[in-house]
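Overview (structure and organization)
Listed here are the chains, written in short residue letters.
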Amino acid sequence: MQYSLSLQLNSEDDTQQFAQHLANFVQSGVIYLIGDLGAGKTTFTRYLLQHMGHQGAVKSPTYTLVEPYKINNNEIFHFDLYRLNDPYELELMGIRDYLEVPNALFLFEWPSKGGDEIPQADLVINIEKSEDDLQRFVTLSLNDENLYQVLKETLES
């Protein structure tokens, strides 16, 4: 990843605003969500999907491995690989069928557990908790210079 942005989220409202900004610019591709348990990966995803137009609940796919969404004719797949014991399990659950959907958005929590079964990320979002658990420190890593410039201008204003 060539480009990197860092930001601090001081509240859940900040997380919601960050998700809203990202939803304006990212409609497809592969996003890795990295962070410890309770860092806010699923909370961020919920706000992202809501800002993309999702009206219902957003469940953590911890036990189902994937939650599919169709929002304004966009296919979105939210994966949580935390309980995955072996990346090959993704092959058995039919991950290739999901990955063949054109112009879809793929969100992967715990991508390190997916091994070579999941595609490389277009955007990596690393969320770290502060020691007192009141703030989040987010680092975005990406290769797309245009997206980097747009996000930098948007997030720094």
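Residues numbered from 1 in each chain as written. Predicted model: local features only at pLDDT ≥ 70, side-chain atom pairs only at ≥ 80, totals over all residues. Heavy atoms only, no water.

A separate point is the overall build of the chain. Helix and strand content of the chain: 5 helices and 7 strands. Counting from the amino terminus, the chain carries its helices and strands in the arrangement β-α-β-α-β-β-α-α-β-β-β-α. Scaling as 2.2 N^0.38, a compact globule of 157 residues should have a C-alpha radius of gyration of about 15 Å, and the chain matches this with 15 Å. Across the 157 residues in the chain, those meeting the buried criterion constitute 45%. Nonlocal contacts in the chain, meaning residues at least 24 apart in sequence, comprise 67% of its contacts between residues at least 6 apart. (Helix = DSSP H or I, 4+ residues; strand = E, 2+ residues; numbered from the N terminus. Rg over C-alpha atoms; globule rule 2.2 N^0.38 Å. Buried < 20%, exposed > 50% of the residue type's maximum accessible area, 1.4 Å probe, protein only. Contact = heavy atoms within 4.5 Å.)

Another aspect to go through is helix α2 (residues 41-52). With 12 residues, α2 ought to run about 16 Å at 1.5 Å a step, and its terminal C-alpha atoms sit 16 Å apart, in line with that. Along α2, the residues classified as buried are Lys41, Thr42, Phe44, Thr45, Tyr47, Leu48, Leu49 and Met52. Buried positions along α2 lie against α1 (12-25), β2 (29-34), β3 (66-71), β4 (74-80), β5 (105-109) and β6 (123-129). Positive phi appears at Gly53, one or two residues downstream of α2, with a value of about 120 degrees. (Expected span 1.5 Å × (residues − 1).)

What follows covers the layout of surface pockets. Considering only enclosed or pocket space, the largest pocket measures out at about 210 Å³ in volume. What lines the largest pocket is a set of 15 residues, and nearest its centre among them are Ser11, Glu12, Thr15, Ala39 and Arg136. If you list the elements that add at least two residues to the lining of the largest pocket, you get α1, α2 and β7 (136-142). Top element by residues in the lining of the largest pocket is α1. It accounts for 3 residues. A class-by-class count of the residues in the lining of the largest pocket yields 7 nonpolar, 5 polar and 3 charged. (1 Å grid on protein atoms, 1.4 Å probe; cavity = no way out; pocket = protein on both sides within 12 Å on 5 of 7 lines; lining within 4 Å. Points joined across faces, edges and corners; volume = space filled by probe spheres on them. Nonpolar A, V, L, I, M, F, W, Y, C, P; charged D, E, K, R; others polar.)

Next up on the list: the side chain of Ser130. Relative to the assigned elements, Ser130 resides in the loop between β6 and β7. When its relative accessible area of 10% is taken as the criterion, Ser130 is described as buried. The contact partners of Ser130, leaving out residues within four places of it in the chain, are Gln135 and Phe137.

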